[in-house]
Amino acid sequence: MLKTPDYMRLLPPWLIGRIGHLDLLARGVVEGFITGRHRSPHKGFSVEFAEHRQYTPGDDLRALDWRVYGKTDRFYIKEFLEETNMRVTILLDCSGSMRYTGDAAAEVDGRRLSKFDYGRHLAAALTYLLVNQQDAVGLVTFDTKIRRYLSARAQASQVRRILEELHATEAGGETAMAPILHEIAERVHRRGMVIVISDLFDNAAEVVKALHHFHYNRHEIMIMHTMADEELTFPFNAFTHFKDLEPGDLMLQIDPKTIRARYLDRMRQFVDEIQGGCGRLKADYVPMSTKLPFDKALVDYLSRRTGAMH
């Protein structure tokens with residue numbers, strides 16, 4: 001009997017059953033290669049009427065608008081907007097802070113998920129969903145540098161390639177969020193969708209500025225802001241050891257009660273600045289607490305998104 005590959009733990013059958021009926025459609029126009037379900041900026045003769053233009057020799061006579069000819073005695077061609085596939089690049093933060101596993105974190109197979117594990121499952125689910133709807137998906141893993149860059153492809157084999165990469169990747173290293181986002185924005189040339197899965201722990205203003213780079217290049221942006229419940233609520237009471245999960249091994253013993261108010265205030269400012277920046281860029285801001293099972297969080301978000309587009 002064949003053993004199920006370890007990387008398939010990121011995409012168990014129950015997850016496929018939950019997301020198989022869902023769609024992730026582009027809100028605006030996208031550029032692609034094959035016929036799909038998203039509006040394309042390229043004109044053709046296939047789906048939605050765009051405009052008329054005057055006939056020139058060599059044009060397809062089947063596209064002539066005879067009604068306009070009857071009124072004007074001139075030949076005009078009907079142009080249409082084609083539908084196309086979407087190119088999606090998933091950016092997964094692999095910095096040390098993503099290793100944090102809170103006591104309130106959701107479990108999979110009896111194991112609580114770190115922010116990084118949560119992000120890997122989200123990336124795996126999105127990859128399957130997008131390839132299943134014939135879209136091209138790529139993956140970038142990063143911390144202070146780009147670790148791996150898999151270009152977007154629409155083949156079924158891309159699911160396996162990305163799952164293998166996700167399974168083999170571990171979180172660690174420092175954070176250099178903003179510079180890396182700028183670098184990736186320079187490398188993702190074709191307009192499409194960029195999905196960032198990260199706790200975004202960096203200077204919030206610089207992160208928003210880097211996201212603007214994708215917006216300037218006319219990408220649709222989705223931010224899956226992945227945080228542990230403890231980071232958002234700071235429920236600690238007794239003296240606690242806090243360890244820096246990024247290189248440096250800094251360890252502090254702190255009375256949480258003395259810093260709770262200031263910590264929560266700064267966390268609110270951080271989240272508000274990121275969320276506000278996403279709003280100005282018309283980017284989807286999706287808060288993801290690891291306390292909520294990732295499949296439920298994803299299904300809820302995609303259902304809301306689809307409903308808002310109809």
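The following paragraphs examine the structure supplied in this document. Here, residues in each chain are numbered from 1, in the same order as that chain's written sequence. Side-chain atom pairs in this predicted model are given and counted only at pLDDT of 80 or more, local residue features only at pLDDT of at least 70, and totals for whole chains, interfaces and linings cover all residues. The basis for every side-chain value is the complete set of non-hydrogen atoms in the structure, without hydrogens or water.

### Some thoughts on the sheet that holds strand E4 (residues 87-93)
So, step 1. Two strands pair if DSSP finds at least two bridges between them. Strands are runs of DSSP state E lasting at least two residues, helices are runs of H or I lasting at least four, and both sets are numbered from the N terminus onward. Pairing within the open sheet is mixed, and its 6 strands lie in the order E8-E7-E4-E9-E10-E13. Each edge of the open sheet carries a strand with a single partner, namely strand E8 (146-153) and strand E13 (284-289). The average undirected angle you get between the axes of adjacent strands in this sheet is 15°.
So, step 2. Looking at chain direction, strand E7 (residues 136-142) and E8 are connected through 5 bridges and run antiparallel. Directly across from Leu-139, in E8, lies its bridge partner Leu-150.
So, step 3. Every residue pair with non-hydrogen atoms within 4.5 Å of one another is taken to be in contact. In this analysis, axes come from line fits to C-alpha atoms, helices being fitted only over the stretch in contact, and the angle between any two N-to-C directions falls in the range 0 to 180 degrees. Lying on the sheet, helix H5 (residues 177-187) is in contact with E4, E7, E8 and strand E9 (193-198); it crosses E8 at an angle near 35°.

### Regarding the side chain of Asp-229
So, step 1. Topologically, Asp-229 is positioned in helix H7 (residues 229-233).
So, step 2. Each residue's exposure class comes from its accessible area (1.4 Å probe, protein chains only) as a fraction of the maximum for that residue type: buried when under 20%, exposed when over 50%, partly exposed otherwise. Positive charge is attributed to Lys and Arg, negative charge to Asp and Glu, and no charge count is given to His or to the chain ends. Salt bridge, as applied in this entry: a Lys or Arg side-chain nitrogen positioned within 4 Å of an Asp or Glu carboxyl oxygen. One buried charged residue, Asp-229, remains without a salt bridge, the closest side chain of opposite sign being Lys-291 at 4.3 Å.
So, step 3. Sequence-distant contacts of Asp-229, defined by excluding residues within four places in its chain, comprise Ala-104, Phe-234, Ser-289, Thr-290 and Lys-291.

### So, the nonpolar core
So, step 1. In plain words, nonpolar cores are sets of buried Ala, Val, Leu, Ile, Met, Phe, Trp, Tyr and Cys residues tied together by side-chain atoms within 4.5 Å. Leu-24, Ile-90, Leu-166, Ile-195 and Met-224 are the most contacted members of the largest nonpolar core, which has 47 residues in total.
So, step 2. Considering every element that reaches this core, the biggest residue donor is helix H3 (residues 115-132), with 10 residues.
So, step 3. Counting residues in hydrophobic clusters, the runner-up holds 32 residues, among them Leu-181, Val-196, Ile-223 and Met-267.

### Things to note about unusual backbone geometry
So, step 1. You will see that Asp-109, though not glycine, has its phi angle at about 55°, which is positive.
So, step 2. Position of Asp-109 relative to the elements: it lies in the loop between strand E5 (107-108) and strand E6 (111-112).
So, step 3. Taking relative accessible area as the criterion, Asp-109 reaches 70% and is therefore assigned exposed.
So, step 4. One non-glycine residue, Leu-200, lies in positive phi territory at about 60°.
So, step 5. Structurally, the position occupied by Leu-200 is in the loop between E9 and helix H6 (204-216).
So, step 6. Overall, the relative accessible area of 0% leaves Leu-200 in the buried class.

### Focus on the pattern of salt bridges
So, step 1. The final tally for this structure, using the stated rule, is 14 salt bridges.
So, step 2. Here Lys-115 makes a salt bridge to Glu-231, at a shortest N to O gap of 2.7 Å. Separated by 116 residues along the polypeptide, Lys-115 in helix H3 and Glu-231 in helix H7 bring together distant segments of the chain.
So, step 3. A residue is classified by how much of its surface remains accessible, and Lys-115, at 0% relative accessible area, is buried.
So, step 4. A salt bridge links Asp-300 to Lys-296; the shortest N-O distance between them is 3.1 Å.

### A look at the packing of H6 against helix H8 (residues 256-280)
So, step 1. At a minimum axis distance of 9 Å, the contact between H6 and H8 shows a crossing angle of 20°. In terms of orientation, H6 lies roughly parallel with respect to H8. Where H6 crosses over H8, the two elements pack in a sense that is right-handed. Within the contact between the two elements, H6 uses Ala-204, Ala-205, Val-207, Val-208 and Leu-211 and H8 uses Phe-270, Glu-273, Ile-274, Gly-277, Cys-278 and Arg-280.
So, step 2. Considering only residue class, the contact of H6 with H8 consists of 8 nonpolar, 1 polar and 2 charged. The labels follow the angle: roughly parallel below 35 degrees, roughly antiparallel above 145, roughly perpendicular from 65 to 115, and oblique for the rest. Throughout, a crossing is termed right-handed when the near helix is turned clockwise from the far one, and left-handed when it is turned anticlockwise from it by less than a right angle. Classes in brief: Ala, Val, Leu, Ile, Met, Phe, Trp, Tyr, Cys and Pro nonpolar; Asp, Glu, Lys and Arg charged; the others, Gly included, polar.

### Some details on the packing of aromatic side chains
So, step 1. Planes of paired rings set the category: under 30 degrees apart is stacked, over 60 is edge-to-face and the rest tilted, where pairs are Phe, Tyr or Trp rings (Trp by its six-membered ring) whose centres lie within 6.5 Å. For the structure on display, the rule yields 5 aromatic pairs.
So, step 2. The interplanar angle of 80° and the centroid separation of 5.2 Å between the aromatic rings of Phe-234 and Phe-236 together place this pair among those described as edge-to-face.
So, step 3. Accessibility expressed as a relative area gives 4% for Phe-234, which makes it buried.
So, step 4. With relative accessibility at 21%, the residue Phe-236 sits in the partly exposed group.
So, step 5. The rings of Trp-14, Tyr-118 and Phe-294 are connected pair by pair, giving a single aromatic cluster.
So, step 6. When the NZ atom of lysine or the CZ atom of arginine is within 6 Å of a ring's centre and also within 35 degrees of its normal, the charge is said to sit over that ring. One cation-aromatic arrangement involves Arg-187 over Tyr-149; the distance from NZ or CZ to the ring centre is 4.2 Å.

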